[in-house]
Amino acid sequence: PADPLSPQEHGLDFQRLLDASAYKEMYRQDMIRWGEERRRANPGFFCRMAVEGAAQPVWVSSGGLRGSAGHGAGADRTPAQVVSDTRRLSDVEWFRDVYGDVVQTVRVVASEETRKRRNWVFVAGVDDAESECGLDQGVAFDWVITNDGDELSLDEQLETLLRSLRGRL
């Protein structure tokens, strides 16, 4: 389609847009353009959608965990919300402004070599757009998780993160 689009407005398969398929790539630039228009009109548009109906506190997770969201509860049964895949400094700032110090940011990283082994191919104009690298600078992440294929290391990092988050509930 020539016009910017949302999956719901154009009958697209939302689940297929979450994977690394040719289907997603066919619509990716249009989706980015649509998202930028929404964000220009209302900088908190996607952030509000992510937490709509969720209870506080909110933890923000950035990059690498595409499409996942979950709820947890601590000993006092305080709900928690995980928001994955924030893409821009303005998203992180929105969560910090709304929820304050309770927000924990998590960046998941993988080397370019690892990403290529996972069939990632750089596409100019897409992979260097703000939607893909808007958090590469300017954010002091609370946590950085390395996901280069070492399952034991990844499990250890995630367990440390989870222990810390449970301790905050």
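- The protein carries the name Phosphomevalonate kinase in an unreviewed UniProt entry, which gives Herpetotheres cachinnans as its organism.
- In its Pathway (unreviewed entry) section, UniProt records this for the protein: "Isoprenoid biosynthesis; isopentenyl diphosphate biosynthesis via mevalonate pathway; isopentenyl diphosphate from (R)-mevalonate: step 2/3."
- Under Subcellular location (unreviewed entry), UniProt gives the following word-for-word description of the protein: "Cytoplasm, Cytosol".

Quick look at unusual backbone geometry
Negative phi is the rule for most residues except glycine; trans is the rule for most peptide bonds.
In step 1: Of note in this structure, asparagine 119 is not a glycine but carries a positive phi near 75°.
In step 2: Mapping asparagine 119 onto the fold places it in the loop between helix H6 (112-117) and helix H7 (130-133).
In step 3: With relative accessibility at 67%, the residue asparagine 119 sits in the exposed group.

Here's the deal with the side chain of aspartate 91
In step 1: As for its position among the elements, aspartate 91 is in helix H5 (residues 89-99).
In step 2: A polar atom in the side chain of aspartate 91 sits 3.1 Å from the backbone nitrogen of arginine 87.
In step 3: The contact partners of aspartate 91, leaving out residues within four places of it in the chain, are Arg39, Cys47 and Thr86.

Conventions we followed
Residues numbered from 1 in each chain as written. Predicted model: local features only at pLDDT ≥ 70, side-chain atom pairs only at ≥ 80, totals over all residues. Heavy atoms only, no water. UniProt positions renumbered as here; feature names shortened; annotations may be inferred. Helix = DSSP H or I, 4+ residues; strand = E, 2+ residues; numbered from the N terminus. Buried < 20%, exposed > 50% of the residue type's maximum accessible area, 1.4 Å probe, protein only. Polar contact = N/O pair within 3.5 Å; in protein donor to acceptor, adjacent residues only side chain to side chain. Contact = heavy atoms within 4.5 Å.

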